Amino acid sequence: MSARTRPLSPHLGVYRWQIGNTLSILHRITGVALGVGLLALSFWLVSLAGGEESYRTTARLFASPIGLVCLFGWTFSFLYHLFNGIRHLCWDVGLGFERTARHASGWFAVLAALCATLATWALLWQGGRL
Amino acid sequence: MSLRSPLGRVLGAGSAKDGTGHWWAQRVSAVALIPLTLWFFWSLLLLPALDYTTVHTWLSVPLSAFLAVLLVAVTAYHSYLGTNVVVEDYVHAHAAKLFLMLLLRFLYVLCGGAGIFAILRIALSP
């Protein structure tokens, strides 16, 4: 069947990396990461319902180095997906399509997500909740 | 034999057959998730500690439990829609695509169901 040999997406090799497609792919990656985060959230909730012992075990798991890296990643993923998602919703109603607006909102989404992530963790750190 | 005209059969049906319904569901759930996720994020940040008693007490409040149930349900739905598109876009072998999409559906119902059941147990336990 000749249809099988057609070039299929993603043909990442033919595109020059620029802010538009980079942020679009980052939106997908963070979205998939948040899907895994939902699994962790449910796991956390189930352990919370299971009583003090199981909650403490889960909390220890999240406080391990790998757990903290994951939580940090999920914080950034959530905030970036949120800001960039709002950007997408603006496009859906026809706002911000011009090149300058597109680039500005893109950089804003990345920087706002980074700043908010750092602020969140600074707040957690300061409160001694880590 | 179908009495529908060839044009009628293809109108509104792209290669995926039902694009607009999926598109709308994705946007509407996205809008709903803005306040829900921000509420959850803020609430956890504002808790004085993240130990068992504090978190359990917080989630026992009816409003917290209600919003948390909505959060898990809408997140599972939104995430299911999104990851489905990822599979549609990047998995080209028909059998693998079908298998992954069914697997995702089961996983999300399982994961969302477990999360919601856990919240209800916390909220409804004496």
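Nothing here was measured: the structure is a model prediction, and the numbers come from that model.

**Remarks on the overall build of chain A**
So, point 1. Assigned secondary structure in chain A consists of four helices and zero strands.
So, point 2. Along chain A, from the amino end to the carboxyl end, the secondary structure elements read α-α-α-α.
So, point 3. Here the C-alpha radius of gyration of chain A, 19 Å, is well above what a compact globule of 130 residues would show, namely 14 Å.
So, point 4. In terms of its C-alpha atoms, chain A occupies a principal-axis envelope of roughly 55 × 45 × 25 Å.
So, point 5. Scored against the burial criterion, the 130 residues of chain A give a buried share of 22%.
So, point 6. Excluding contacts between residues fewer than 6 apart, the proportion of contacts in chain A whose partners are at least 24 apart in sequence is 70%.

**So, the overall build of chain B**
So, point 1. Scanning chain B for helices and strands turns up five helices and zero strands.
So, point 2. For chain B, the α and β elements follow one another from N to C terminus as α-α-α-α-α.
So, point 3. Projected onto the principal axes, the alpha-carbon positions of chain B cover approximately 65 × 25 × 25 Å.
So, point 4. Relative to its full complement of 126 residues, chain B shows a buried share of 18%.

**Describing the packing of helix α1 (residues 19–49) of chain A against helix α5 (residues 94–124) of chain B**
So, point 1. Viewed as axis vectors pointing N to C, α1 of chain A and α5 of chain B meet at an angle of 30°, and their least axial separation amounts to 8 Å. Classified by the interaxial angle, the pair formed by α1 of chain A and α5 of chain B is roughly parallel. Judged by the sense of rotation from one axis to the other, the crossing of α1 of chain A with α5 of chain B is left-handed. Contacts between α1 of chain A and α5 of chain B involve L38, L39, L41, S42, L45, V46, L48 and A49 of chain A from the former and C111, A114, G115, A118, I119, R121 and I122 of chain B from the latter.
So, point 2. Residues of the contact of α1 of chain A with α5 of chain B, tallied by class, amount to 12 nonpolar, two polar and one charged.

**Looking at the interface of chain B and chain A**
For interface size, the figure often reported is the accessible area lost on association.
So, point 1. Contacts between chain B and chain A engage 29 residues on the former and 27 residues on the latter.
So, point 2. Elements represented by at least two residues in the side of chain B that touches chain A include exactly α2 (19–46), α3 (52–60), α4 (62–90) and α5 of chain B.
So, point 3. Top element by residues in the side of chain B that touches chain A is α4 of chain B. It accounts for nine residues.

**Quick look at the confidence of the model for chain A**
So, point 1. Per-residue confidence for chain A gives a mean pLDDT of 91, with 92% of residues at or over 70.
So, point 2. Averaged over each element, pLDDT in chain A is lowest for helix α4 (residues 99–126) of chain A (95) and highest for helix α3 (residues 65–92) of chain A (97).

**Structural notes on the confidence of the model for chain B**
So, point 1. When pLDDT is averaged along chain B, the result is 91, and 92% of the positions lie at 70 or above.
So, point 2. Mean pLDDT values for the elements of chain B range from 73 in helix α1 (residues 6–10) of chain B up to 97 in α5 of chain B.

**Comments concerning the nonpolar core**
So, point 1. The biggest cluster of nonpolar side chains holds 27 residues, and the ones touching the most others in it are L45, L48 and L79 of chain A together with V72, A76, A118 and I119 of chain B.
So, point 2. If you list the elements that add at least two residues to this core, you get α1, α3 and α4 of chain A together with α4 and α5 of chain B.
So, point 3. Excluding residues that lie within four positions of it along the chain, A76 of chain B makes contacts with L38 of chain A together with Y108, C111 and G112 of chain B.

**Considerations on the environment of W58 of chain B**
So, point 1. Among the secondary structure elements, W58 of chain B is positioned in helix α3.
So, point 2. Residues within four places of W58 of chain B in sequence aside, it is in contact with S43, L47 and S64 of chain B.

**Here's the deal with the environment of T57 of chain A**
So, point 1. In this fold, T57 of chain A is placed in helix α2 (residues 52–63).
So, point 2. The spacing of T57 of chain A and F72 of chain A is 15 residues in sequence and 19 Å in space, taken between C-alpha atoms.

**Regarding the packing of α1 of chain A against α3 of chain A**
Helices that pack against each other are described as a pair by the angle of their axes relative to one another and the distance between those axes.
All names here are of chain A.
So, point 1. At a closest axis distance of 9 Å, the pairing of α1 and α3 adopts a crossing angle of 130°. On the basis of the axis angle, α1 is oblique to α3. For the pair α1 and α3, the crossing hand works out as left-handed. In this structure, α1 contributes L23, L26, H27, T30, G31, A33, L34 and G37 to the contact, and α3 contributes G73, W74, S77, F78, Y80, H81 and N84.
So, point 2. Split into classes, the residues belonging to the contact of α1 with α3 amount to seven nonpolar, eight polar and no charged.

**Examining the environment of V46 of chain A**
So, point 1. Looking at where V46 of chain A falls in the secondary structure, it is placed in helix α1.
So, point 2. Residues V46 of chain A and V32 of chain A, 14 residues apart in the sequence, show an inter-C-alpha distance of 22 Å.

**Focus on α4 of chain A**
All names here are of chain A.
So, point 1. Relative to the 40 Å expected for 28 residues at 1.5 Å per residue, α4 spans 40 Å between its end C-alpha atoms, a close match to the ideal helical length.
So, point 2. S105, G106, A109 and A113 are the residues of α4 that are buried.
So, point 3. The first or second residue beyond α4 is G128, which carries a positive phi of 65°.

Thresholds applied
Residues numbered from 1 in each chain as written. Chains lettered and ligands numbered in written order. Predicted model: local features only at pLDDT ≥ 70, side-chain atom pairs only at ≥ 80, totals over all residues. Helix = DSSP H or I, 4+ residues; strand = E, 2+ residues; numbered from the N terminus. Rg over C-alpha atoms; globule rule 2.2 N^0.38 Å. Buried ≥ 20, exposed ≤ 12 C-beta atoms within 10 Å, placed from the backbone. Contact = placed C-beta atoms within 7 Å. Axes fitted to C-alpha atoms, helices over the stretch in contact; angles between N-to-C directions. Parallel < 35°, antiparallel > 145°, perpendicular 65-115°, else oblique. Left-handed = near helix turned anticlockwise from the far one by under 90°. Nonpolar A, V, L, I, M, F, W, Y, C, P; charged D, E, K, R; others polar. pLDDT = per-residue confidence, 0-100. Core = buried A, V, L, I, M, F, W, Y, C linked by C-beta atoms within 7 Å. Expected span 1.5 Å × (residues − 1).

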